[in-house]
Amino acid sequence: MRSPSLYHPVTIGSVTVEGNIFLAPLAGYTDRAFRTMCKWYGASFTYSEMVSAEGIARGGKNSDELMVRSENEEQFSIQLFMSDAEVVARALPRVLLFNPTVIDVNCGCPVPKVVKTGAGSSLLVEPKKIFNIVKTIVDGCDVPVSVKIRLGWDMQSINYEETAGAALSAGASMITMHARTKSMGYAGKADWQALADLKRFVSSSYPSVPVFGSGDLFSAEAAKEMLETTRIDGVMFARGAIGNPFIFQDTITLLETNTTSSFHDIEERIAAMRTQLELHSAIVGERLACRQMRKHAAAYLKGMSHSTKAKQELVQASSIADYEEVFKWLSEEHR
Ligand SMILES: Cc1cc2nc3c(=O)[nH]c(=O)nc-3n(C[C@H](O)[C@H](O)[C@H](O)COP(=O)(O)O)c2cc1C
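Residues numbered from 1 in each chain as written. Predicted model: local features only at pLDDT ≥ 70, side-chain atom pairs only at ≥ 80, totals over all residues.

Describing the sheet that holds strand β6 (residues 102-106)
Either a parallel or an antiparallel arrangement is found when strands of a sheet pair, and the pairing is made through backbone hydrogen bonds. Spatially, the eight strands line up as an open sheet ordered β3-β10-β9-β8-β7-β6-β5-β4, and their pairing is parallel. Strands at the two margins of the open sheet, each flanked by one partner only, are β3 (21-23) and β4 (51-52). (Pairing = 2+ DSSP bridges. Helix = DSSP H or I, 4+ residues; strand = E, 2+ residues; numbered from the N terminus.)

A short note on the site of the ligand
Near the ligand there are 23 residues, and of these Ala 24, Met 50, His 178, Ala 238 and Arg 239 occur at the shortest range. For the shell around the ligand, the per-class residue count stands at 11 nonpolar, eight polar and four charged. (Near = placed C-beta within 6 Å. Nonpolar A, V, L, I, M, F, W, Y, C, P; charged D, E, K, R; others polar.)

Thoughts on the pairing of strand β7 (residues 145-150)
By the criterion of burial, β7 is predominantly enclosed, with six of the six residues buried. Judged by which residues are buried, β7 turns out to be covered on both faces: Val 145, Val 147 and Ile 149 on one side and Ser 146, Lys 148 and Arg 150 on the other are all buried. Sheet analysis places β6 next to β7, joined by four bridges and oriented parallel. Residue pairing for β7: Asn 106 is matched across the bridge by Lys 148. Across five bridges, β7 lies against strand β8 (residues 174-178) in parallel orientation. In the strand pairing of β8, Arg 150 is matched with His 178. In terms of handedness, the path from β7 via helix α7 (residues 160-169) over to β8 forms a crossover that is right-handed. (Buried ≥ 20, exposed ≤ 12 C-beta atoms within 10 Å, placed from the backbone. Right-handed = clockwise from strand over helix to strand, strands pointing away.)

What to know about the domain arrangement of the protein
According to the domain assignment, the protein contains domain 1 (4-257) and domain 2 (266-333). Between the C-alpha centres of domain 1 and domain 2 there is a distance of 29 Å. Residues of the side of domain 1 that touches domain 2, tallied by class, amount to five nonpolar, two polar and two charged. (Domains from an automatic or database assignment.)

What to know about the packing of helix α12 (residues 286-301) against helix α13 (residues 307-314)
Relative orientation of the contacting elements α12 and α13 amounts to 170°, with a least axis distance of 10 Å. As judged from the angle between their axes, α12 and α13 are roughly antiparallel. Contacts from Arg 294, Ala 297, Ala 298 and Leu 301 of α12 reach α13 at Ser 307, Ala 310, Lys 311 and Leu 314. Class assignment of the residues belonging to the contact of α12 with α13 gives a composition of five nonpolar, one polar and two charged. (Axes fitted to C-alpha atoms, helices over the stretch in contact; angles between N-to-C directions. Parallel < 35°, antiparallel > 145°, perpendicular 65-115°, else oblique. Contact = placed C-beta atoms within 7 Å.)

What about the environment of Ala 271?
Structurally, Ala 271 is set in helix α11 (residues 266-284). Residue class for Ala 271 comes out exposed when judged on the 12 C-beta atoms lying within 10 Å of it. On a C-alpha basis, the gap between Ala 271 and Phe 327 in space is 9.2 Å, while along the polypeptide they are 56 residues apart.

Brief notes about helix α9 (residues 220-230)
Of all the residues in α9, the buried ones are Ala 220, Ala 223, Met 226, Leu 227 and Thr 230. The buried residues of α9 occupy one face: seen down the axis, they fall within an arc of 130°. Summarising the contacts, the buried residues of α9 are in contact with β3, α8 (192-205), β9 (211-214), β10 (234-237) and α10 (246-257). (Arc of directions from axis to C-beta.)

And the structure:
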């Protein structure tokens, strides 16, 4: 059965995005080069890696770098993490210099270094703080504000209606939920039923606010199933996009034509790795790009024959020429 309505534009406050298949923020992965690839392969919308509002307020060079978008990101969200509204008030003027399409508030990061400062998923237990943070941004600029939450801190404190409600009453224009608790980290099954419940809850008072789902999206089929079974407005690919930017194209094809095309041969993978490496190298320099590309390359090669040996070689690769040698070898082995 055709289901064209599952792929559609979404409106986030004053902004309309042409599709509803997004790339999630992924610290350490969704750099400019990788986001460029995902956009090429059809990602409707992209996010910066999470950026510290405190770092921005202090004028940190690294924070500035994280807020720069690539040429093909006409629309782009900057995701901020912060412990309270006062920090975000100080950071906001600098954030606005980077002209984000949407400002996203991270309420889900479980990393101890972040949590112990009162940021990320710490905010889940303090909905009032979420309200104050969102209100400060909404009152401070015309950029739509979104929040990314989790189910709650742990199974005993599931409170997504409360945290989403706090964000909405402060003026949030979109809610994304990673359907796990903070305690689960990235393990265990995401609770998609909770996404359906959240959608119903949000629509009852804020029918125009889109709800996005995240968690266990590792294939085009999974995205379709999440959209169909939960009635949420859109999905965000996270780990499923690492080494697999093709997933956006695959998903759009599946949603629009009901045909599956998720096989990507070694030549296609090599071509994508080569482009991503060149893009990244132009941004951070060849040496660093080669080092940082290794984890992406390992993901591109996952499940392919000869990948173990290729990955061993790439651990040593420190120049584009080194990568090219491995690509050549792989290509020959696959002939
Ligand atoms: C390595 C890694 C980095 C992440 N970084 C961020 C981040 O900066 N901001 C954020 O909101 N979520 C972050 N997430 C969470 C993802 O956006 C996503 O919600 C989560 O991985 C669940 O989706 P999945 O099960 O399909 O991977 C990160 C996840 C991983 C695995």
